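For reference, the chains in residue letters:
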Amino acid sequence: MTRESGGDARRRVAIFTDETGWHTRKLREALARRGFEGRCVDLEHCRFDTGASPSGLVIPGFGRTLPLAGIVRGIAGGSLEQITKRLGILHALRELGVPIYNDARAIERSVDKSMTSFLLHKAGVATPQAWAIEDEAQARRLLMRETAAGRCLVLKPLFGSQGKGLRKVGWVKGEEGSDWEDGDADGCRAVPLPDLKSVGGLAYLQRFIPQPESDAAPGFDWRVMVIGGRAVAAMKRVSPHWVRNVAQGARSVASPLLPGLAQLAEAAAATLDMDYAGVDLVPDPASPQGAQVIEVNGVAAWRGLQKVTPFDIGQAIVDDLLQRRLGVPLLAGGAGQVCQIGSGVTRSA
């Protein structure tokens, strides 16, 4: 008997999230189409309790049982102790044999940008040079060297998301509305590093990859969605501002899933051992594949991408979880979706 043919308790999938909305609705609808029930659970409300259930865990909405599987859609911020417990719940579920999509190890690798940069570099995946430094004097010496070479760095929060808190340092070109002094004829100047105490005592710096752009042709980067090891959809995020997250006002524009992009995105997701990932890439003609990976998102949003692709991303996530992680065969007549790769080449997901 397959998992899909069991009783109600065996058909419940936990959707771990700190807020409900469009993404959780799409996942619940996709699960329902396969005959499963998705229940939203906040990890804040889960607990270890070795006397309350045989497993030693209490997952609200599941009584004394455990979910068939879990999909991680969001983990609320909190103290070090709170985050440790929330991730601990995911670790414990994996130890109990419950597939978690993505599991805590993958989330830990991706949420820590310095570890992401290290692992991508180690695996030979094209990614900008990066540094994570606590010593302020050492960080300032690094910035002096980069500035002297005419380069710009991006200072990022180590655990940030959605493009929040990013700033350029080093040799920076002025933007409209900026008050620039002591610059050169091209409108550039040296921007110093802020006091590290104001950024959590750590400088995570990534070399900025510039691109030609103008008011008529604003810059862009790519978001590629990888599910079950395969790139399935891509878009350009277009904005006149260098921070091109959709949450920061960038436009989602349909883009072909070029082979080089697909290969880079798949390699990045595989390096971090992710079930699904939103991989952000910036154009770079100097790179063999025409791009570099700047971030890998382990709890990736896909609403902007879904607007510009007919490919049902939520259904693909659910189908991959059920088929690859739980051994549930695809339904008759539902032999996968076809996504466009490059020009005229297709494959199923």
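Heads up: the structure comes first, above all this text.
What follows concerns the overall build of the chain. Within the chain, the secondary structure is distributed over eight helices and 18 strands. Long-range pairs, those at least 24 residues apart, make up 63% of the contacts in the chain with a sequence separation of at least 6. Surface exposure of the chain reaches about 16,600 Å², of which carbon and sulfur atoms provide 51%.

The next subject is the pattern of salt bridges. Evaluated as defined, the whole model comprises 18 salt bridges. With a shortest N-O distance of 3.3 Å, Arg237 and Asp280 are connected by a salt bridge. You can see Arg237 sitting in strand β13 (residues 230-238) and its partner Asp280 sitting in strand β15 (residues 276-283), a full 43 residues away along the chain. Within this structure, Asp221, Arg223, Arg237 and Asp280 form a network of salt bridges that share partners.

Right, let's talk about unusual backbone geometry for a bit. Across the junction of Tyr101 and Asn102, the peptide omega takes the value -10 degrees, indicating a cis bond. Inspection of the secondary structure puts Asn102 in the loop between β6 (100-101) and α3 (104-111). Of note, Asp273 is a non-glycine position whose phi angle comes to about 60 degrees, a positive value. With respect to the element layout, Asp273 can be found in the loop between α6 (259-271) and β15.

Let us look at the nonpolar core. In this structure, Leu27, Met225, Ile227, Tyr276, Trp302, Ile313 and Ile317 are the most contacted members of the largest nonpolar core, which totals 29 residues. At the level of secondary structure, the elements contributing two or more residues to this core comprise β1 (12-16), α1 (22-33), β5 (69-72), β12 (220-227), β13 and α8 (313-325). Ignoring anything within four residues of it in the chain, the contact list for Tyr276 reads Val72, Arg73, Tyr101, Asn102, Met225, Val226, Ile227, Asn297, Gly298, Val299, Ala300 and Ile317.

Moving on to the sheet that holds β1. Taken together, the four strands give an open sheet; going across it, the order is β2-β1-β5-β6, and neighbouring strands pair in parallel fashion. The sheet is open, and its two edges are formed by β2 (37-41) and β6, each paired on a single side. Summarising the sheet, β1 and β5 pair through four bridges and their orientation is parallel. Across the sheet, Phe16 pairs through a bridge with Val72, a residue of β5.

All right, on to the sheet that holds β12 then. With antiparallel pairing, the five strands of this open sheet are ordered in space as β14-β13-β12-β15-β16. Bordering the open sheet on either side are β14 (251-254) and β16 (291-297), each of which pairs with just one other strand. The sheet shows a mean angle of 30 degrees between the axes of neighbouring strands, taken without regard to direction. Where β15 lies against β16, six bridges are found, and the strand directions are antiparallel. Following the sheet pairing, Gly278 is matched in β16 by Asn297.

Here we take up the pairing of β2. Alignment of β1 against β2, held across five bridges, turns out to be parallel. Looking at the pairing, Ala14 lines up with Arg39 of β2. Viewed along the sheet, the connection from β1 through α1 into β2 turns out right-handed.

Counted according to the given criterion, the structure contains three aromatic pairs. The interplanar angle of 15 degrees and the centroid separation of 5.6 Å between the aromatic rings of Tyr101 and Tyr276 together place this pair among those described as stacked. Of this pair, Tyr101 sits in strand β6 while Tyr276 sits in strand β15, placing them 175 residues apart in sequence. A relative accessible area of 1% places Tyr276 in the buried class. Between the aromatic rings of Phe220 and Trp222, the centroid separation amounts to 5.1 Å while the plane-to-plane angle is 80 degrees, which identifies the pairing as edge-to-face. Across from the ring centre of Phe62, 5.9 Å away, lies the NZ or CZ of Arg39, which sits over that ring. In this structure, Lys236 packs its charged tip against the face of Phe220, placed 4.3 Å from the ring centre.

This part is about helix α5 (residues 136-148). The periodicity of an α-helix, 3.6 residues per turn, causes residues three or four places apart in sequence to face the same way. Its 13 residues give α5 an end-to-end C-alpha distance of 18 Å, which sits within 8% of 18 Å, the value for a rise of 1.5 Å per residue. Those residues of α5 not exposed but buried are Ala139, Leu142, Leu143, Glu146 and Thr147. Looking down the long axis of α5, one finds its buried residues gathered within 130 degrees of arc, a one-sided arrangement. Of the exposed residues in α5, those oriented more than 90 degrees away from the buried face are Met144, Arg145 and Ala148. Structurally, α5 contributes buried residues whose contacts are with β7 (130-133), β8 (152-156), β9 (167-173), β10 (188-191) and β11 (203-207). After α5 finishes, the residue Gly150 shows a positive phi value of roughly 80 degrees.

For the rest of this paragraph, the subject is the environment of Leu322. For Leu322, the location among the structural elements is in helix α8. You can call Leu322 buried: its relative accessible area is 0%. In this structure the C-alpha to C-alpha distance between Leu322 and Leu68, which are 254 residues apart in sequence, comes to 9.9 Å. Those residues within four positions of Leu322 in sequence are excluded, and the remaining contacts are Arg34, Phe36, Gly327 and Val328.

Here is what the cut-offs are and how they apply
Residues numbered from 1 in each chain as written. Predicted model: local features only at pLDDT ≥ 70, side-chain atom pairs only at ≥ 80, totals over all residues. Heavy atoms only, no water. Helix = DSSP H or I, 4+ residues; strand = E, 2+ residues; numbered from the N terminus. Contact = heavy atoms within 4.5 Å. Areas by Shrake-Rupley, 256 points an atom, 1.4 Å probe, with all protein chains shown as cover. Salt bridge = Lys/Arg side-chain N within 4 Å of Asp/Glu carboxyl O. Core = buried A, V, L, I, M, F, W, Y, C linked by side-chain atoms within 4.5 Å. Buried < 20%, exposed > 50% of the residue type's maximum accessible area, 1.4 Å probe, protein only. Pairing = 2+ DSSP bridges. Axes fitted to C-alpha atoms, helices over the stretch in contact; angles between N-to-C directions. Right-handed = clockwise from strand over helix to strand, strands pointing away. Phe/Tyr/Trp six-rings, centres within 6.5 Å; stacked < 30°, edge-to-face > 60°. Lys NZ or Arg CZ within 6 Å of the ring centre and 35° of its normal. Expected span 1.5 Å × (residues − 1). Arc of directions from axis to C-beta.

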